[in-house]
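Now for the letters of each chain:
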Amino acid sequence: MVKKTAIYPGSFDPVTKGHLDIIERSARIFDRVVVAVLENGAKIPSFTFGERVEMLKTAARGFPNVEVKSFDGLLVDFVRRENASVIVKGLRAVSDFEYEFQMALLNRKIAPEIETMFLTTSDKYCFLSSSIVRDIARHGGNLDEFVPAELVDYIREKLSKS
Ligand code: COA
């Protein structure tokens, strides 16, 4: 049987509990999920590629069918390289829709064989984003609710110095 692989892409700067929720749910649907750390041209990251990959590996340790990789190029090229056919994205609110819809259409234009599937974010994480996490960390706030427990100290340490 052909294994169904999905790619969950993002900048993950850093990974949050909202991302982890999407990873966990995708891992239940697909045989194999590759979390792909990619560059978002519109953003200057606070964590390096390597740091973001390591944080995701720590956070996703409990899921045997989840791999974490990084790629410096077009998302669709990575999807093809991994022999995947589906891109998974999380939708937090209506405000995400227009941007995500545009990206999905653009990706389909370049690679018609690849489908984008949206999972609605759990309501308890719909307010969450990586920039909110960075902001709280920089101001010494409590991160327990927002990032995986094993990353709280690392993220606080790293961002309090920036
Ligand atoms: N829970 C919590 N936060 C979430 C979330 C969820 N389920 N889903 C998204 N977010 C947040 C992220 O934390 C991020 O927050 P921030 O703006 O505060 O940093 C924000 O939503 C956007 O997510 P991001 O990870 O930056 O993803 P994106 O949807 O903007 O897409 C790439 C980024 C990397 C996937 C995209 O730029 C890409 O494909 N790059 C490769 C180059 C390429 O192919 N370009 C053409 C694309 S059409």
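Residues numbered from 1 in each chain as written. Predicted model: local features only at pLDDT ≥ 70, side-chain atom pairs only at ≥ 80, totals over all residues. Heavy atoms only, no water.

### Let's talk about helix α6 (residues 152-160)
- For α6, the full list of buried residues reads Val152, Ile155 and Leu159. Considered in projection along α6, the buried side chains sweep an arc of 75° and stay on one side of the axis.
- Close packing links the buried residues of α6 with α2 (49-59) and α5 (130-138). (Buried < 20%, exposed > 50% of the residue type's maximum accessible area, 1.4 Å probe, protein only. Helix = DSSP H or I, 4+ residues; strand = E, 2+ residues; numbered from the N terminus. Arc of directions from axis to C-beta. Contact = heavy atoms within 4.5 Å.)

### Concerning the pairing of strand β1 (residues 5-10)
- In terms of residue burial, β1 counts as a mostly covered element, since five of its six residues are buried.
- Direction of pairing for β1 relative to strand β2 (residues 32-38): parallel, over a ladder of six bridges. Each bridged residue has a counterpart across the sheet, and for glycine 10 the counterpart in β2 is valine 37.
- With respect to chirality, the unit in which β1 leads through helix α1 (residues 17-29) into the neighbouring parallel β2 is right-handed.
- With two bridges joining them, β1 and strand β4 (residues 86-91) adopt parallel strand pairing. If you follow isoleucine 7 over to β4, its bridge partner there is isoleucine 87. (Pairing = 2+ DSSP bridges. Right-handed = clockwise from strand over helix to strand, strands pointing away.)

### A word on the pattern of salt bridges
- For the coordinates displayed, the defined rule picks out 13 salt bridges.
- Note that arginine 32 is salt-bridged to glutamate 82, the shortest N-O span being 2.6 Å. Taken together, the positions of arginine 32 in strand β2 and glutamate 82 in the loop between α3 (75-81) and β4 put the pair 50 residues apart, joining distant regions of the chain.
- We classify glutamate 82 as buried; its relative accessible area is 9%.
- Salt bridges linked by common partners bring Arg32, Glu67, Lys69 and Glu82 together as one network. (Salt bridge = Lys/Arg side-chain N within 4 Å of Asp/Glu carboxyl O.)

### Side note on the side chain of asparagine 107
- Of note, asparagine 107 is situated in helix α4 (residues 94-110).
- Once residues within four sequence positions are removed from consideration, asparagine 107 is found in contact with Leu75, Val76 and Ile87.

### Notes on unusual backbone geometry
- Between aspartate 13 and proline 14 the backbone carries a cis peptide bond, its omega angle lying at 5°.
- In this structure, proline 14 sits in the loop between β1 and α1.
- At phenylalanine 12, a position not held by glycine, the phi torsion is positive, near 50°.
- Tracing the backbone through its elements, the reader meets phenylalanine 12 in the loop between β1 and α1.
- Phi angles above zero are rare outside glycine, and asparagine 83 is one such case at about 55°.

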